[in-house]
Amino acid sequence: MFTFEEFKQLNSSKWGSRWSDKEMEKNYVIAIQVANNYIEHFGTAKEPKIGDIVEYADDFHVYYGASIVENLYGSEPKVCICESGHSFTTGKYFQTSGGAFHSWDKERLQYVGEATNYVWTWGCNGAGANQGINIPLKVNKWIMPYDNKAVKRSQVIFKQDGTVHITNSDEWTWYAHSFESRRAFEAWAKYVGYDYYMDGDVAYSPQKIVNRCWTENVPKPENGKPIKVLANARIHDGLVVTEELCITEWWGNVHRPEPKYGTYEYQMEMKEYWKYRENPMGV
């Protein structure tokens, strides 16, 4: 069971708590009662039940924090799993908002241990704006086995004008990387170890593309390869770190004075910008 301090921290922000100490104590009593109701009503047996956490994948995503929710389809022995939801509960009754919802056979779930499901209920002041409290329920965790390398975490789009763009499957609204030509893309892919395969006119990869920066508080990676990185409309001498499921391009987010317009330094920076803007290998 969770302590009062753990509950207080969960229901506070960096700006403090909206609850008085007396209200927080009342809320803690409510939260403990909900947690006890859950155990009494659903038990602790290692079998799939409402509230349990499930990890599974589809063609494009891995859902690490999906959960078993109220059965919207009414068919046993299936369970209803929500990809990304937040459940209201009394410990006996669940109502989940979010989505999407899927019906799966219980037999597909394999027990892997315990996890925490963060649910909510109304606090000591009853229903109303900002009156909900968060509760950490101790639950079982299940996995539906999947092939990590088969998940399409990014897609390569080859445009008719010759440009190439990469989108991450969880960030469809913007490009994770762009290239002025297929030659520029292929040179970059070979250098960084981007593992992709063609499927018709597009390509897919199990690797996601990430752009990060090192700062005074975030250390510069020690295992990267040098590469030109476009960030904040400037070219940086960055690093690329390649992992099995992720390629991260790093750059230094440190103060670098901008050269004055028309100076030699300005001309050199603009020359570098146009060379490497969508052609990080400069081919």
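Residues numbered from 1 in each chain as written. Predicted model: local features only at pLDDT ≥ 70, side-chain atom pairs only at ≥ 80, totals over all residues. Heavy atoms only, no water.

Q: Which parts of the structure should I look at to understand the overall build of the protein chain?
A: Secondary structure assignment for the protein chain yields four helices and 15 strands. Taking the principal axes of the C-alpha coordinates as reference, the protein chain spans close to 70 × 45 × 35 Å. Counting over 283 residues, the protein chain shows a buried share of 40%. Partitioning the intrachain contacts of the protein chain with sequence separation of at least 6 by distance along the chain shows that 55% fall at a separation of at least 24. Per element, the accessible surface of the protein chain, about 16,300 Å² overall, is 50% carbon and sulfur. Side-chain charges of the protein chain comprise 31 positive and 37 negative groups, with the mean position of each set lying 3 Å from the other. (Helix = DSSP H or I, 4+ residues; strand = E, 2+ residues; numbered from the N terminus. Buried < 20%, exposed > 50% of the residue type's maximum accessible area, 1.4 Å probe, protein only. Contact = heavy atoms within 4.5 Å. Areas by Shrake-Rupley, 256 points an atom, 1.4 Å probe, with all protein chains shown as cover. Lys, Arg positive; Asp, Glu negative; His and termini not counted. Charge placed at Lys NZ, Arg CZ, Asp CG, Glu CD.)

Q: Which parts of the structure should I look at to understand the packing of aromatic side chains?
A: What describes a pair of aromatic rings is the distance from one ring centre to the other and the angle between the planes of the rings. A complete count under the given rule lists 26 aromatic pairs for this structure. A ring pair is formed by F88 and W122, whose centres lie 6.5 Å apart and whose planes are at 50°; its orientation type is tilted. Of this pair, F88 sits in strand β3 (residues 78–89) while W122 sits in strand β5 (residues 110–122), placing them 34 residues apart in sequence. Residue class for F88 comes out buried when judged on its relative accessible area of 15%. Look at Y273 and W274: their rings are 5.2 Å apart centre to centre, the planes differ by 80°, and that puts the pair in the edge-to-face class. You can call W274 exposed: its relative accessible area is 53%. Chaining the aromatic ring pairs together yields one cluster made of F158, F179, F185, W188, Y194 and Y196. Looking at R182, its charged tip hangs above the ring of F158, at a distance of 4.1 Å from the centre. (Phe/Tyr/Trp six-rings, centres within 6.5 Å; stacked < 30°, edge-to-face > 60°. Lys NZ or Arg CZ within 6 Å of the ring centre and 35° of its normal.)

Q: Is there a simple way to explain the side chain of K152 in this structure?
A: Along the polypeptide, K152 turns up in the loop between β6 (132–143) and β7 (154–158). Once residues lying within four places of it in the same chain are set aside, the contact partners of K152 are D59, F60, S169, Y197, D199, Y204 and S205.

Q: Please explain the sheet that holds strand β14 (residues 234–242) as it appears in this structure.
A: Hydrogen bonds between backbone groups are what pair the strands of a sheet, and the pairing can be parallel or antiparallel. Spatially, the four strands line up as an open sheet ordered β12-β15-β14-β13, and their pairing is mixed. Edge positions in the sheet fall to β12 (208–214) and β13 (225–231), since each of these pairs with one other strand and no more. Geometrically, the sheet is characterised by an average inter-axis angle of 35° between neighbouring strands, direction not taken into account. As paired strands, β13 and β14 are joined by seven bridges and run antiparallel to one another. Within β14, the position partnered with K228 by the bridge is D237. Running over the sheet, helix α3 (residues 182–192) touches β12, β13, β14 and β15 (246–252) and is turned about 135° from β13. (Pairing = 2+ DSSP bridges. Axes fitted to C-alpha atoms, helices over the stretch in contact; angles between N-to-C directions.)

Q: Honestly, helix α2 (residues 21–42) in this entry has me stumped. Any pointers?
A: Each α-helix winds once per 3.6 residues, and so residues spaced three or four apart point in a common direction. Between its first and last C-alpha atoms α2 spans 31 Å; for 22 residues at 1.5 Å apiece the expected length is 32 Å, and the two agree. Buried positions along α2 lie against α1 (4–10), β3, β4 (94–105), β5 and β6. A positive backbone phi angle near 75° is found at G43, which sits one or two residues after α2. (Expected span 1.5 Å × (residues − 1).)

Q: Help me out: how do you make sense of the side chain of Q207 in this one?
A: With respect to the helices and strands, the residue Q207 is situated in the loop between β11 (202–205) and β12. Given a relative accessible area of 3%, Q207 falls into the buried group. Within the structure, Q207 has its side chain in polar contact with the backbone oxygen of E243 (distance 3.1 Å). With residues near it in sequence (within four places) discarded, Q207 still touches R153, S154, G193, Y194, D195, T242, E243, E244, L245, C246 and I247. (Polar contact = N/O pair within 3.5 Å; in protein donor to acceptor, adjacent residues only side chain to side chain.)

Q: Which parts of the structure should I look at to understand the nonpolar core?
A: Soluble globular proteins: nonpolar side chains tend toward being buried together. V156, I166, F185, W188 and Y194 are the most contacted members of the largest nonpolar core, which totals 19 residues. Only β7, β8 (164–168), α3, β13 and β15 provide two or more residues apiece to this core. It is α3 that contributes the most residues to this core, five residues altogether. The residues contacting I166, other than those within four sequence positions of it, are S154, Q155, V156, Y175, A176, H177, F179, F185, W188, Y194 and I209. Of all hydrophobic cores here, the second largest spans 18 residues; its members include A31, Y38, A115 and L137. (Core = buried A, V, L, I, M, F, W, Y, C linked by side-chain atoms within 4.5 Å.)

Q: Whenever I open this one, the pattern of salt bridges confuses me. Can you help?
A: Note on pairing: side chains with opposite charge can pair once their charged atoms come close. Summed over the entire model, instances satisfying the criterion amount to 13 salt bridges. The salt bridge involving D105 is made with K78; its shortest N-O contact spans 2.7 Å. One end of the pair, D105, is in strand β4; the other, K78, is in strand β3, with 27 residues separating them in the sequence. A relative accessible area of 32% places D105 in the partly exposed class. Of the charged contacts, one joins E186 and R182 as a salt bridge, the two residues approaching to 3.2 Å between their closest N and O atoms. Here E186 and its partner R182 are both found in helix α3, four residues apart, which amounts to about one turn of the helix. Using a relative accessible area of 35% as the deciding quantity, one classes E186 as partly exposed. With relative accessibility at 37%, the residue R182 sits in the partly exposed group. Linked through salt bridges whose partners overlap, the residues forming this network are D170, E171 and K208. (Salt bridge = Lys/Arg side-chain N within 4 Å of Asp/Glu carboxyl O.)

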